Amino acid sequence: MINNSNDVLRYIIKQTTTHELEDIEEYLKRISFLDDLFPCLARNRVINVFYHFLVKNNLTYLLDKTSYRLINQVVTFSSLKVQEYEDLFKIIKKGLNESEIPYVVLKGFHLNNALYENPYGFILRDYNDIDILVNRSDLSRINNVLKNNGFIQGNLDRESLLI
């Protein structure tokens, strides 16, 4: 029996049985998605994983029109954002390779393509940056590569939202 949003998270992360799908279906029918489950999914950064789960198990009909539209917008935004990161990384990668600067890509960006197979065409794992491990001795050369490709370094003024 699913009693709360954390139970749903546990179910979608593991391989879910038919019986558990029925529990999730029952839970989604008796709650307000926007009030009860969506905040938990957002807090744990698994909205895209949940959407994939719904699509894979033909359960999208359980969301009301507003909830479906919201989750679809989040997934679409994530996919567009990740595509932008991939395009920017191609520029960075080209500059680092041309300058013969050694680097290693870490965490989310690299894992998205390496670990998450998704036949539905949207991003499962959202991220907000690209982590690249470099040698400290290469920092000035890396800064030159980034500046030469239009990247800027600065501090965000939180009042004006200017760098």
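Only a predicted model underlies this, so the values are computations on that prediction, with no experimental measurement involved. (Residues numbered from 1 in each chain as written. Predicted model: local features only at pLDDT ≥ 70, side-chain atom pairs only at ≥ 80, totals over all residues. Heavy atoms only, no water.)

Caption draft 1: Spatial organisation of the pattern of salt bridges. Across all of its chains, the model carries 3 salt bridges by this definition. With a shortest N-O distance of 3.8 Å, glutamate 25 and lysine 29 are connected by a salt bridge. Here the residue glutamate 25 and the residue lysine 29 both occupy positions in helix H2 (residues 18-30), the gap between them amounting to 4 residues, near one helical turn. Here glutamate 98 and lysine 94 are joined by a salt bridge, their closest N and O atoms 3.3 Å apart. Residue glutamate 98 and its partner lysine 94 are both found in helix H5 (residues 65-98); the two are separated by 4 residues, about one turn of the helix. The pair formed by glutamate 98 and lysine 94 is uniform in burial state, with each residue classed as exposed. (Salt bridge = Lys/Arg side-chain N within 4 Å of Asp/Glu carboxyl O. Helix = DSSP H or I, 4+ residues; strand = E, 2+ residues; numbered from the N terminus. Buried < 20%, exposed > 50% of the residue type's maximum accessible area, 1.4 Å probe, protein only.)

Caption draft 2: Representation of the environment of asparagine 144 in the model. Tracing the sequence through the fold places asparagine 144 in helix H7 (residues 139-148). Overall, the relative accessible area of 43% leaves asparagine 144 in the partly exposed class. For the pair asparagine 144 and serine 99, spaced 45 residues apart in sequence, the C-alpha to C-alpha distance is 9.8 Å.

Caption draft 3: Representation of unusual backbone geometry within the structure. Despite not being glycine, asparagine 58 shows a phi value in the positive range, around 55 degrees. Positioned with a positive phi, glutamate 100 is a non-glycine residue whose angle comes to about 55 degrees. By the element assignment, glutamate 100 lies in the loop between H5 and strand E1 (103-106). On the basis of relative accessible area, glutamate 100 is assigned to the exposed category, the value being 68%.

Caption draft 4: Seen up close, the packing of helix H4 (residues 47-56) against H5. At their nearest, the axes of H4 and H5 sit 10 Å apart, and the two run at 120 degrees to each other. Once H4 is placed against H5, the crossing between them reads as left-handed. On H5, the residues that touch Ile47, Asn48, Phe50 and Tyr51 of H4 are Tyr68, Ile71, Asn72, Val74, Val75 and Ser78. Looking at the contact of H4 with H5 residue by residue, the class counts come to 7 nonpolar, 3 polar and no charged. (Axes fitted to C-alpha atoms, helices over the stretch in contact; angles between N-to-C directions. Left-handed = near helix turned anticlockwise from the far one by under 90°. Contact = heavy atoms within 4.5 Å. Nonpolar A, V, L, I, M, F, W, Y, C, P; charged D, E, K, R; others polar.)

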